[in-house]
Amino acid sequence: MAIDFVSIIMQLVTSFMGSKTPEPAPAQAPATTPVQHISLAELNPHGYPTDPEIDKNLMILLDRINQVRNVYGSPMTVTSGLRSDDQQKALIAVGKSTATKSNHLTGSAVDILDENRNLTAWVKANMSLMEQIGMWFEDFDHTPCCVHFQILPPKSGNRVFIP
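Concerning the overall build of the protein chain
Then, number 1: Along the backbone of the protein chain there are six helices and five strands.
Then, number 2: Written out in order from the N terminus, the α and β elements of the protein chain read α-α-α-β-α-β-α-α-β-β-β.
Then, number 3: The buried share of the protein chain, taken over its 163 residues, is 35%.
Then, number 4: Within the protein chain, contacts between residues separated by at least 24 positions form 60% of all contacts whose residues are at least 6 apart in sequence.

Digging into the pairing of strand β2 (residues 109-113)
Then, number 1: Across the five residues that make up β2, a large majority, four, are buried.
Then, number 2: Both strand β1 (residues 78-80) and β2 contribute to a ladder of two bridges, which runs antiparallel. What sits directly across from V78, in β2, is I112.
Then, number 3: The pairing of β2 with strand β4 (residues 146-150) spans five bridges and is antiparallel. Looking at the pairing, V110 lines up with F149 of β4.

Focus: the packing of aromatic side chains
Each aromatic ring pair is specified by the distance between its two centres and by the angle formed by the two planes.
Then, number 1: Inspection of every chain in the model, using the stated rule, returns three aromatic pairs.
Then, number 2: Consider the rings of F137 and F140, whose centres lie 5.8 Å apart with planes at 35°: the pair is tilted. In this structure, F137 and F140 share a single accessibility class: buried.
Then, number 3: A connected cluster of aromatic rings, assembled from ring pairs, spans F137, F140 and F149.
Then, number 4: Its guanidinium or amino end placed over the ring of W136, R159 lies 4.1 Å from that ring's centre, counting from NZ or CZ.

A look at the sheet that holds strand β5 (residues 160-161)
What holds strands together in a sheet is hydrogen bonding between their backbones, with the strands either parallel or antiparallel.
Then, number 1: In space, the five strands of this open sheet follow the order β1-β2-β4-β3-β5, with mixed pairing throughout. Only two strands of the sheet have a single partner each, and these edge strands are β1 and β5.
Then, number 2: Note that strand β3 (residues 136-138) and β5 share two bridges and pair parallel. Within β5, the residue paired with E138 across the bridge is F161.
Then, number 3: Set on the sheet, helix α3 (residues 52-72) makes contact with β2, β3 and β4; between it and β2 the angle comes to about 30°.
Then, number 4: Sitting on the sheet, helix α5 (residues 118-125) is in contact with β2, β3 and β4, with an inclination near 45° to β4.

A short note on the pairing of β4
Then, number 1: Of all five residues making up β4, five are buried, and the element is well covered by its neighbours.
Then, number 2: The two faces of β4 match: C146, H148 and Q150 on one face and V147 and F149 on the other face are all buried.
Then, number 3: In this sheet, β4 lies alongside β3 in antiparallel orientation, the contact comprising two bridges. The residue of β4 that forms the bridge with W136 is Q150.

A few points about the pattern of salt bridges
Then, number 1: Counted under the stated rule, the structure contains two salt bridges.
Then, number 2: Here R83 ties to D111 by a salt bridge, and the two come within 3.2 Å at their closest N and O atoms. A residue pair is termed long-range when its members are at least 10 positions apart, and R83 in the loop between β1 and α4 (85-93) and D111 in strand β2 qualify at 28 residues.
Then, number 3: Notably, a salt bridge pairs D114 with R117, separated by 3.9 Å at the nearest N-O pair.

Side note on the confidence of the model for the protein chain
Then, number 1: When pLDDT is averaged across the protein chain, the result is 84; 79% of the residues are at 70 or more.
Then, number 2: For the protein chain, per-element mean pLDDT is lowest for helix α1 (residues 5-17), which scores 50, and highest for α5, which scores 98.
Then, number 3: For the stretch residues 19-32, pLDDT sits under 50, and the model shows two contacts to residues farther than four places along the chain or on other chains.

Cut-off values and rules
- Residues numbered from 1 in each chain as written.
- Predicted model: local features only at pLDDT ≥ 70, side-chain atom pairs only at ≥ 80, totals over all residues.
- Heavy atoms only, no water.
- Helix = DSSP H or I, 4+ residues; strand = E, 2+ residues; numbered from the N terminus.
- Buried < 20%, exposed > 50% of the residue type's maximum accessible area, 1.4 Å probe, protein only.
- Contact = heavy atoms within 4.5 Å.
- Pairing = 2+ DSSP bridges.
- Phe/Tyr/Trp six-rings, centres within 6.5 Å; stacked < 30°, edge-to-face > 60°.
- Lys NZ or Arg CZ within 6 Å of the ring centre and 35° of its normal.
- Axes fitted to C-alpha atoms, helices over the stretch in contact; angles between N-to-C directions.
- Salt bridge = Lys/Arg side-chain N within 4 Å of Asp/Glu carboxyl O.
- pLDDT = per-residue confidence, 0-100.

This is the structure:
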């Protein structure tokens, strides 16, 4: 006579637990909220034509600004990325820029909205990290409603420079 071990085990389990099957454990919330990255489209919102050098600069800028974004941990809004010559001339004409050779023209700079100056304070407090990431900044007094990030050092070599 053959013994049906599966039936015996099932009877033991049923008698021990009753007829209920254990409920699955609730799903665990992620440890951190996913960070929304800045996109390439945000760095070139007007779809200006690019060349290989501008494309390279935009990809470096995209990587570095998203490194900053990840550590900063709060939303960031791009106010200006890649600019055309005409757009730069218009900004100069209305006194919003003095740079005829702006890094925005080569995809090497981005301005991030900072009306409450929280980002400015955070950048100043984390300047060694900004150096590690490879970011330079226009003097914060010259950019009262945004932070100007750029991936190329200015002629002065200073991390924070007067444009």
